[in-house]
Each structure stands twice: as C-alpha cells, then as structure tokens.
Amino acid sequence: MKDKVALITGASSGIGRATALAFVRKGAKVIVSARRGAELDELVKEIEADGGKASAIVTDVSKATEVELMVAHAIEVFGRIDYAVNNAGIEGNFGSVTDLLEADWDQVMDINLKGVFLCMKYEARAMLAAANGGAIVNIGSVNSFLGFPTGSAYVTSKHGLIGLTSSVSAELGPKGIRVNLLCPGVVDTPMHRRLRGIAGDDLYDKGLLPTVHLQRAAQPEEIAKSIVFLCSDDSSYITGSTLLTDGGLTLTL
Ligand SMILES: NC(=O)c1ccc[n+]([C@@H]2O[C@H](COP(=O)([O-])OP(=O)(O)OC[C@H]3O[C@@H](n4cnc5c(N)ncnc54)[C@H](OP(=O)(O)O)[C@@H]3O)[C@@H](O)[C@H]2O)c1
C-alpha cells in the first residue's frame with residue numbers, strides 16, 4: 001500500500017486506532033479523525049516516531065460541514081484518498097421501545113447511520129474526481145443482523161448500514177470503487193468495556209462469550225487486519241458484501 005492514503009474515522013480509540021496502525025504497517029499514509037484531538041495527536045506522534053506518515057483532523061461525523069472539511073484536509077495533506085474506513089460509532093443509550101428518548105434515538109442514527117452516509121458522500125466525490133478507483137469499508141456489527149432487547153436504536157442503525165453499503169456499492173462499482181460492510185462481534189475495546197460494565201461480568205463471561213465459537217473476544221488488531229484486507233487488492237472482486245468477523249457468534253445466538 002505504498003503511496004496509498006487511508007482515511008479512518010473513529011481513530012481515537014479501539015478498532016479505528018488499530019486500523020490506522022495496520023494501514024501504516026502496510027506502508028500507507030493515514031488521515032485519522034474523531035472528536036477527541038488529543039488522542040489523535042498522540043496517535044500521529046506514535047506513527048511518525050516509527051517512520052510512518054499521518055495527519056489528524058478533529059471531526060464530528062454527524063455534521064456535514066465537518067465531514068466535508070475532513071475530506072478536504074486529506075486531499076490537501078496527502079493529495080488523494082484510496083481507502084476510507086467509516087468506523088466512528090457509538091453504542092448510545094439503551095432503553096425499551098416504550099421508554100427510549102427521541103433524542104437518544106436521534107443521536108445514534110446521526111452518528112452511526114447518517115455519519116456513514118455523509119462520509120461516503122464526500123469520500124466518493126474525492127475518489128471519483130481523482131478517477132483512481134478506491135475502496136470503502138463501513139463498520140457494521142453482528143447487530144446488523146441480530147436485535148436485542150433495549151437495543152432498537154443501535155441495532156437499527158447497524159441494520160441500515162447493510163442497505164446503505166449495498167446501494168452505494170451498486171452506484172460506485174461501475175466506477176471502480178468497492179464498498180463493503182465489515183461486521184465485528186465482540187471486540188475488546190473501550191466500547192466493549194463500557195457495555196460489559198452495563199451488562200455485568202457474569203452476562204459476558206457466562207452468557208455471551210460461550211456462544212462465540214472461538215470462546216473469546218477479538219482484539220482490535222484482528223479486526224483491523226480484515227479491514228485492511230477489504231481495502232487491498234486481495235479482495236478485488238468483493239463489493240456490496242458483508243463480512244462477519246465475529247468468531248462464530250452470529251451462528252450460535
Ligand atoms: N467493540 C465491539 O465489540 C464492536 C462490535 C461490533 C461493532 N463495533 C463497531 O465498531 C466501531 C468502533 O467501535 P469501538 O469498539 O472501537 O468503540 P470505541 O473504542 O468507543 O471507538 C469509537 C470511535 O468512534 C469515535 N466517534 C464516536 N462518535 C463520533 C462522532 N460523532 N464523530 C466522530 N467520531 C466519533 C470515537 O472517537 P471520539 O469519541 O474521539 O469522537 C472513537 O474513536 C463502531 O462503529 C462500533 O459500533 C464494535
């Protein structure tokens with residue numbers, strides 16, 4: 001991936017951070033974005049200390065003007081975008097359908113679903129303008145397929161990404177840009193640790209993890225490798241697809 005540029009949203013933490021480092025290991029330059037600038041600056045320093053090239057831009061993916069600036073920043077700094085990973089997401093607040101606040105529903109949709117639409121809108125414009133092809137990976141979840149009580153907002157946002165990814169793939173495929181959805185299961189990140197805190201250790205250790213064929217959570221680096229694969233030429237005939245990286249969880253629930 002030498003001379004290629006990858007843009008990663010939600011790179012201040014968890015899967016996004018690991019993905020930025022994975023691209024750098026493959027020789028790509030990276031644009032890292034999220035709302036927390038200090039974490040991004042630290043990541044850029046770490047990458048540069050190892051001889052890699054990176055640039056940070058603070059972005060809230062739910063705001064079109066900020067997303068447009070993020071893409072403009074990538075073009076200004078590195079001149080192109082070859083790969084885009086739309087990973088930023090929140091679990092939001094959980095609540096039964098009778099109690100969930102409209103504001104909580106809106107926040108999850110704005111970040112997890114509208115945010116991915118906005119990112120693809122500006123990323124695709126830049127890729128099409130450059131006419132070099134490209135690859136986009138959106139981050140769904142096992143909850144792109146499975147619901148759970150109190151999870152209607154998160155689950156709906158992740159289900160929506162299947163339709164969004166498939167539609168945009170159909171639009172961009174003829175122009176040489178592949179678009180896929182990667183769906184992780186349980187990944188050991190700050191989000192996972194927050195959810196574990198809500199559900200309780202017992203539910204995780206005795207309820208959820210035994211349903212995973214591999215009997216453990218993924219490390220973010222394992223998910224990052226699959227994301228890099230979906231951007232690389234090794235997946236040149238994969239588009240409009242969903243790749244489950246869940247250690248077998250979905251099939252056993
Ligand atoms: N961990 C799991 O078990 C798991 C399983 C399935 C799917 N996923 C999905 O994987 C993705 C990454 O999750 P993670 O586990 O790595 O969680 P995480 O550690 O909480 O990281 C989430 C990232 O998203 C960023 N983000 C949140 N809201 C944003 C916004 N409005 N604008 C820009 N960036 C925003 C956060 O950065 P700032 O706070 O700095 O903005 C952070 O960098 C999410 O889409 C999540 O739904 C995770």
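What you see as residue numbers is a count from 1 along each chain, following the sequence as written. A pLDDT threshold of at least 70 governs which residues receive local features in this predicted model, and a stricter bar of 80 or more applies before side-chain atom pairs are shown or counted, although totals over entire chains, interfaces and linings include all residues. Heavy atoms throughout the structure, all of them, feed into the side-chain values; hydrogens and water do not.

### Considerations on the packing of aromatic side chains
The criterion for an aromatic pair is that two Phe, Tyr or Trp rings (for Trp, the six-membered ring) have centres within 6.5 Å, with stacked assigned to planes under 30 degrees apart, edge-to-face to planes over 60 apart and tilted to the rest. The final tally for this structure, using the stated rule, is two aromatic pairs. Ring centres of F23 and Y83 lie 5.7 Å apart, and the angle between their planes is 15°; this geometry places the pair in the stacked category. Here F23 is found in helix α1 (residues 14-25), whereas its partner Y83 is found in strand β4 (residues 83-86), with 60 residues between them in sequence. Helix and strand assignments come from DSSP, with helices taken as H or I runs of at least 4 residues and strands as E runs of at least 2, each series counted from the N terminus.

### What about the side chain of S62?
With respect to the helices and strands, the residue S62 is situated in the loop between β3 (54-58) and α3 (64-78). We define a polar contact as two N or O atoms separated by no more than 3.5 Å, with the added condition that, inside protein, one atom must be a possible hydrogen donor and the other a possible acceptor, whereas residues neighbouring each other in sequence contribute only through side-chain atom pairs. Polar side-chain contacts of S62 include one of 2.7 Å to the side chain of D60. In this structure, S62 is in contact with D110, I111, K114 and L118, ignoring residues within four places of it in sequence. Note on contacts: a residue pair qualifies if any of its non-hydrogen atoms lie within 4.5 Å across the two residues.

### Some remarks on the side chain of N112
Within the fold, N112 resides in helix α4 (residues 102-130). At a separation of 3.2 Å, a polar atom in the side chain of N112 contacts the side chain of S157. Those residues within four positions of N112 in sequence are excluded, and the remaining contacts are G89, I90, Y154, S157, K158 and L161.

### Describing the pattern of salt bridges
We define a salt bridge as a side-chain nitrogen of Lys or Arg found within 4 Å of a carboxyl oxygen belonging to Asp or Glu. Across all of its chains, the model carries 11 salt bridges by this definition. Of the charged contacts, one joins K2 and D3 as a salt bridge, the two residues approaching to 3.8 Å between their closest N and O atoms. When its relative accessible area of 65% is taken as the criterion, K2 is described as exposed. In this structure, D205 and R196 form a salt bridge, with 2.9 Å as the shortest nitrogen-oxygen distance. For each residue, the accessible area found with a 1.4 Å probe, counting protein chains only, is set against the maximum for its type, and the residue is called buried under 20%, exposed over 50%, and partly exposed in between.

### Concerning the sheet that holds β4
We treat two strands as partners when DSSP finds at least two bridges between them. Taken together, seven strands build an open sheet; the order of strands is β3-β2-β1-β4-β5-β6-β7 and the sheet is parallel. At either end of the open sheet lies a strand with only one pairing partner, and these are β3 and β7 (242-245). Taking the axes of each pair of neighbouring strands and ignoring which way they run, one obtains an average angle of 20° across the sheet. Inspection of the sheet shows strand β2 (residues 29-34) paired to β3 by five bridges, in the parallel sense. Across the sheet, residue V32 finds its bridge partner in β3, namely A56. Fitted lines through C-alpha atoms give the axes, limited to the stretch in contact for helices. The angle between two N-to-C directions lies from 0 to 180 degrees. Sitting on the sheet, helix α5 (residues 152-172) touches β5 (134-139), β6 (177-184) and β7, and the angle it makes with β6 is about 165°.

### Structural notes on the UniProt feature "domain: Ketoreductase" (unreviewed entry) in the chain
UniProt positions are given in the numbering used here, feature names are shortened, and annotations may be inferred rather than shown by experiment. Here the UniProt feature "domain: Ketoreductase" (unreviewed entry) sits at residues 4-201. Between the C-alpha atoms that bound residues 4-201 the distance is 42 Å, and the span itself is 51% helix and 17% strand.

### Looking at the environment of T245
Following the sequence through the fold, T245 ends up in strand β7. In this structure the C-alpha to C-alpha distance between T245 and L182, which are 63 residues apart in sequence, comes to 7.1 Å. Apart from the residues lying within four places of it in its own chain, the contact partners of T245 are L182, C183, P184, G185, I223 and S226.

### Structural notes on the site of the ligand
Near residues are defined by distance, with any heavy atom within 4 Å of the molecule or strand qualifying the residue. The local shell around the ligand holds 31 residues, among which S12, S13, R35, Y154 and T189 are the closest. Only the protein chains shown count as covering a residue, and every accessible area follows the Shrake-Rupley method with a 1.4 Å probe. Its free accessible area being 880 Å², the ligand has 96% of it covered by the protein chains. Secondary-structure elements contributing two or more residues to the shell around the ligand are α1, α5 and α6 (190-199). Of the residues forming the shell around the ligand, the biggest block, four residues, is contributed by α6. Side-chain classes follow a simple rule in which Ala, Val, Leu, Ile, Met, Phe, Trp, Tyr, Cys and Pro form the nonpolar group, Asp, Glu, Lys and Arg form the charged group, and the remainder, Gly included, forms the polar group. Tallied by class, residues from the shell around the ligand come to 14 nonpolar, 12 polar and five charged.

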